[in-house]
Amino acid sequence: MNTKSVVVITIDGPSGAGKGTLSQLVAKRLGYHLLDSGALYRLVALSAHNLNVNFQDEQAIADVASKLHVKFDTTGDATRILLVGEDVTDAIRQESVSMNASVVAAYPKVREALLQRQKDFAQLPGLVADGRDMGTTVFPNAQVKIFLTASAEARAQRRFKQLQEKGVAVNMDELVSDIKARDDRDTQRATSPLKPADDALILDSTSLTIEQVLSAILAHVR
Ligand code: C5P
């Protein structure tokens, strides 16, 4: 497949900016495929944990990444994520996995091991790619690039609400400091740090609703 002929829309930004929800909505609206690249880093973290791999050992974690046996099951409305046949859709969203995902994502060998797997998602009629380095590293030739951001407090507040709705007890101060720790790791790592591509449209969603952000993205795509 010549990936240049496939329309690619990249949506990058920090944790909790609303990329996941927005990417799903844009993909659905346009009938495009969806790449949730964060899920791949989460799967590596979960898998490494399950296999008792040492998180300090970059090569061992990269081996886990290159052997990742994952299936994105898109039958029905929601995507289910299967790791060696087991449904881990909810398990990979736990806070401990989020933290470990940002640790494994800082290893260049892990990023290299996941690169081609991500590029392969570019299939006709088009792809919406959600992540941190979609517009800068994985799809530098994407036709449309969005960088979606929001203040750390607004992002923590959204996460707080989501967790509360699920009945999970959380502490707001801890959420803010976790989000800031992940931001620091994502922006300061040497390989593919989180930053807007030079040709990205930067959208700050701090005081916007999902509908407002969706309209702004679709207007930009058009
Ligand atoms: O987007 P999500 O929060 O699911 O991503 C989990 C972690 O994976 C992030 O904190 C980030 O460290 C890493 N990640 C990345 N590059 C991507 C997507 C996610 O480094 N393209």
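Quick note: structure is the one above.
Residues numbered from 1 in each chain as written. Predicted model: local features only at pLDDT ≥ 70, side-chain atom pairs only at ≥ 80, totals over all residues. Heavy atoms only, no water.

## Let's talk about the sheet that holds strand β7 (residues 144-149)
Whether parallel or antiparallel, the strands of a sheet pair through hydrogen bonds between backbone atoms.
Thought 1: With respect to topology, 5 strands assemble into an open sheet ordered β2-β6-β1-β7-β8, the strand pairing being parallel. One side of each edge strand has no neighbouring strand; the edge strands of this open sheet are β2 (33-36) and β8 (201-204). Ignoring strand direction, the axes of neighbouring strands in this sheet form an average angle of 20°.
Thought 2: In this sheet, strand β6 (residues 126-131) lies alongside β2 in parallel orientation, the contact comprising 4 bridges. Paired with Asp 36 across the two strands is Asp 130, which belongs to β6.
Thought 3: Against the sheet, helix α2 (residues 37-50) touches β2 and β6, its axis set at about 40° to β2. (Pairing = 2+ DSSP bridges. Helix = DSSP H or I, 4+ residues; strand = E, 2+ residues; numbered from the N terminus. Axes fitted to C-alpha atoms, helices over the stretch in contact; angles between N-to-C directions. Contact = heavy atoms within 4.5 Å.)

## Concerning the site of the ligand
Thought 1: Near the ligand, the surroundings consist of 17 residues, among which Arg 42, Arg 111, Arg 132, Asp 133 and Asp 186 are the closest.
Thought 2: Here an oxygen atom of the ligand and a side-chain polar atom of Arg 182 are 2.9 Å apart.
Thought 3: Between the ligand and the protein, one listed contact pairs an oxygen atom with a side-chain N or O atom of Arg 189 at 2.9 Å.
Thought 4: Taking 460 Å² as the accessible area of the ligand by itself, protein coverage stands at 96%.
Thought 5: Mapped onto the shell around the ligand, the elements with two or more residues apiece are α2, α4 (95-104) and α8 (172-188).
Thought 6: Counting residues per element, the shell around the ligand draws most heavily on α2, at 4 residues.
Thought 7: Looking at side-chain class alone, the shell around the ligand contains 4 nonpolar, 4 polar and 9 charged residues. (Near = heavy atom within 4 Å. Polar contact = N/O pair within 3.5 Å; in protein donor to acceptor, adjacent residues only side chain to side chain. Areas by Shrake-Rupley, 256 points an atom, 1.4 Å probe, with all protein chains shown as cover. Nonpolar A, V, L, I, M, F, W, Y, C, P; charged D, E, K, R; others polar.)

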